[in-house]
Amino acid sequence: MIPAEFEYSKANTVDEAILALSLSEAKLLAGGHSLIPALKFRMSRPSMLVDISRIQELKGIHEEDGEIVIGAATTYAEIMADDYLRSQLPFLAAGTSTIGDMQVRNYGTIGGSLAHADPAADWPAMVLATDAAIEVKGPEGKRRINATDFFTGFFTTALDENEIITAIRIPVPPEGTVGTYQKFAQPASRYAMVGVAAVKTPGGKVRIGITGLTEKAFRASAAEEILSGKALDDNNIDAAVEAAFRDTEPMSDRFASAVYRKHLAKVYLRKALLEIA
Amino acid sequence: MNITINVKVNGVKYSNTVEPRLLLVHYLRDVLRLTGTHIGCDTSNCGACTIHLNGMATKSCTLLAVQADGMEITTIEGLAKDDQLHPLQEAFRECHGLQCGFCTPGMIMTAADLLQHNPNPNEEEIRTALEGNLCRCTGYHNIVKAVEFAATKMKKEVAV
Ligand SMILES: Cc1cc2nc3c(=O)[nH]c(=O)nc-3n(C[C@H](O)[C@H](O)[C@H](O)COP(=O)(O)OP(=O)(O)OC[C@H]3O[C@@H](n4cnc5c(N)ncnc54)[C@H](O)[C@@H]3O)c2cc1C
Ligand code: FES
Ligand code: FES
């Protein structure tokens, strides 16, 4: 399988990448593990690829202004190995280790995953549950998009055409925060048939991000409301699981029917809530 | 516009001018004639094309040759030292870790990455590490045994 022809350039800085994007029908290339398969099938035929994988300012994890800042071009393998992130929110490393396989994790990036917005990708659920902001930069400068506003539909996001994701900013969790990511993986691709990320703060606030179920990742707000400030006991968990997906219309495909997906979502939401109870 | 890339493959430096759309696996097989790296699928699932890029296992069918510019690549051809097979190669032979052998180069390159990071993996860790490599012949059991065998052998070599 051979992609159609395109031009290729390597960007050394974010501003160079933004400029290249605005000059042509270019597409950004990070890890390439979603884009290159699409090029091979010729589902995507950009005239130019701008390689952002070596831009230093997009790499690595650090703390700044009370936020954990993950550079957009940080790979999954780097996320899993980061001691600081593991000390703050260990479930993010564990959740990342469920993505694809070792080779994919060595090259795929968090920014690529969010920009691609595959309805079965894992990180969308994790940015929702951690109340992250997606930091983006375009010709007009920087802005922050709340994770809850970022995913707008099937493979679509709130990113403007010439914008690039620069970082994922997660509020440093108050001490005693617990989180988990529970996933039923599609057995062949290991994408999420259903993935549930759940976080509970010491103040009793619960946030739940769901992926795989519908055409975009979302917060399970009905369940969050039932649980906030309450004990995560059997009664409350039952009520939350019952309410969570009452109005959701799950996807249906050759891997799982809508009815089965909804059933999985309930089972995995319960698992997640028991984990953080 | 074609692009000139400089790479080091199995310790040898190469400089080639390639089309941006050339996949790394095609560069290795068709330009350098290193045909030990296989192509088993179109969907990035089978792992037969696994190589090391700067020491890390990656699927060379899902990378462009231009992305490897400036990097070091190891393919299955680069594992043996002179006449001495790599412990993993020896282990696959010893434990019958292959039948047709099509998946073997990829299996070995992935297992080599695992053993670099975790010289003492248990069975579950081996199976998890090999999730991105498919074998249609062996049923995997002997592959897992081979990786365990190689790990033991490599520890002994370090101890000596
Ligand atoms: C075999 C296989 C199994 C996989 N399994 C899983 C899985 O289980 N779970 C999962 O979540 N994912 C899975 N993936 C997808 C993987 O996580 C991808 O690597 C990821 O979705 C995309 O990241 P990337 O860096 O490779 O992006 P690329 O492929 O380089 O880019 C993807 C898209 O995002 C755009 N983009 C990239 N970076 C940015 C940026 N900084 N700003 C704006 N736009 C950008 C690109 O232009 C492109 O449109 C799998 C992939 C493969 C090949
Ligand atoms: S050829 Fe199948 S994963 Fe690369
Ligand atoms: S030995 Fe035949 S595919 Fe693995």
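Basis of the calculations
- Residues numbered from 1 in each chain as written.
- Chains lettered and ligands numbered in written order.
- Predicted model: local features only at pLDDT ≥ 70, side-chain atom pairs only at ≥ 80, totals over all residues.
- Heavy atoms only, no water.
- Phe/Tyr/Trp six-rings, centres within 6.5 Å; stacked < 30°, edge-to-face > 60°.
- Buried < 20%, exposed > 50% of the residue type's maximum accessible area, 1.4 Å probe, protein only.
- Pairing = 2+ DSSP bridges.
- Helix = DSSP H or I, 4+ residues; strand = E, 2+ residues; numbered from the N terminus.
- Axes fitted to C-alpha atoms, helices over the stretch in contact; angles between N-to-C directions.
- Near = heavy atom within 4 Å.
- Polar contact = N/O pair within 3.5 Å; in protein donor to acceptor, adjacent residues only side chain to side chain.
- Areas by Shrake-Rupley, 256 points an atom, 1.4 Å probe, with all protein chains shown as cover.
- Nonpolar A, V, L, I, M, F, W, Y, C, P; charged D, E, K, R; others polar.
- Core = buried A, V, L, I, M, F, W, Y, C linked by side-chain atoms within 4.5 Å.
- Domains from an automatic or database assignment.
- Contact = heavy atoms within 4.5 Å.
- Buried area = accessible area lost by both parts, 1.4 Å probe.
- Salt bridge = Lys/Arg side-chain N within 4 Å of Asp/Glu carboxyl O.

### Notes on the packing of aromatic side chains
Residues and elements named next belong to chain A. Here the structure, examined in full by the defined rule, presents three aromatic pairs over all chains. For the pair Phe150 and Phe151, a centre-to-centre distance of 5.2 Å together with 90° between the ring planes defines the contact as edge-to-face. Side by side, Phe150 and Phe151 carry an identical accessibility label, which is buried. Here the aromatic rings of Phe154 and Phe155 are separated by 4.9 Å at their centres, their planes lie at 80°, and the arrangement is edge-to-face. Under the relative-accessibility criterion, Phe155 is labelled partly exposed at 33%.

### Overview of the sheet that holds strand β4 (residues 61–64) of chain A
Residues and elements named next belong to chain A. Overall, antiparallel pairing links the five strands, which are arranged β4-β5-β10-β6-β7 in an open sheet. Looking along the sheet, the strands with just one partner apiece sit at the ends: β4 and β7 (141–146). Each strand axis lies, on average, 30° off the axis of its neighbour in the sheet, ignoring direction. For β4 and strand β5 (residues 67–71), the ladder comprises four bridges, and the chain directions are antiparallel. Bridge pairing in β5 links Glu64 to Glu67.

### Considering the site of ligand 1
Every one of the 32 residues lining ligand 1 counts as a neighbour, but Leu28(A), Leu35(A), Tyr76(A), Thr109(A) and Asp122(A) are closest to it. One finds residues of chains A and B in close proximity to ligand 1. Backbone polar atom of Gly31(A) to an oxygen atom of ligand 1: 2.8 Å apart, as the coordinates give it. At 2.9 Å from an oxygen atom of ligand 1 is found a main-chain nitrogen or oxygen belonging to Gly100(A). The protein chains hide 95% of the 970 Å² of surface that ligand 1 would expose on its own. Broken down by element, the residue count for the shell around ligand 1 peaks at four residues, all from helix α7 (residues 110–116) of chain A. Here the residues of the shell around ligand 1 are counted per class, giving 15 nonpolar, 13 polar and four charged.

### Here's the deal with the nonpolar core
Of all hydrophobic cores here, the largest spans 50 residues; its most connected members are Ile70(A), Leu114(A), Trp123(A), Val127(A) and Ile168(A). Ile3(B), Val18(B), Leu23(B) and Leu63(B) belong to the second largest nonpolar core, which has 31 residues in total.

### Some words on the domain arrangement of chain B
All names here are of chain B. Domain parsing of chain B yields domain 1 (3–76) and domain 2 (87–159). Using C-alpha coordinates to define each centre, domain 1 is positioned 22 Å away from domain 2. Each side of the interface is counted separately: domain 1 has 18 residues, and domain 2 has 14 residues. Here domain 1 and domain 2 share an interface that buries about 1200 Å² over both sides, 60% of which is from carbon and sulfur atoms. The largest per-residue losses of area from domain 1 upon contact with domain 2 belong to His38, His52 and Ile76, which jointly make up 40% of the total buried on that side. At the junction of domain 1 with domain 2, the criterion picks out zero salt bridges. In this assembly, domain 1 and domain 2 are joined by six residue pairs in polar contact (both at pLDDT 80 or more). Of all the secondary structure elements, the ones that give two or more residues to the side of domain 1 that touches domain 2 are β3 (50–53) and β4 (56–59).

### Let's talk about the sheet that holds strand β11 (residues 178–185) of chain A
Residue and element names in this part refer to chain A. Judged by pairing direction, the sheet is antiparallel, and its four strands sit side by side in the order β11-β12-β13-β14 without closing on themselves. At either end of the open sheet lies a strand with only one pairing partner, and these are β11 and β14 (218–219). Of the strand pairs in this sheet, β11 and strand β12 (residues 192–200) are connected by eight bridges, and their pairing is antiparallel. Each bridged residue has a counterpart across the sheet, and for Tyr181 the counterpart in β12 is Ala197.

### Digging into the domain arrangement of chain A
Residues and elements named next belong to chain A. In terms of domains, chain A is made up of domain 1 (7–51), domain 2 (61–171) and domain 3 (178–276). A separation of 19 Å is found between the C-alpha centroids of domain 1 and domain 2. Counting from both sides, the interface comprises eleven residues of domain 1 and, opposite them, 13 residues of domain 2. For the pair domain 1 and domain 2, the summed buried area comes to about 940 Å², and 75% of that belongs to carbon and sulfur atoms. By the criterion of area lost to domain 2, the three top residues of domain 1 are Ile18, Leu21 and His33, representing 43% of everything that side buries. Where domain 1 packs against domain 2, one counts one salt bridge. Connecting domain 1 to domain 2 are one residue pair in polar contact (both at pLDDT 80 or more). Among the residues forming the side of domain 1 that touches domain 2, the class breakdown is six nonpolar, four polar and one charged.

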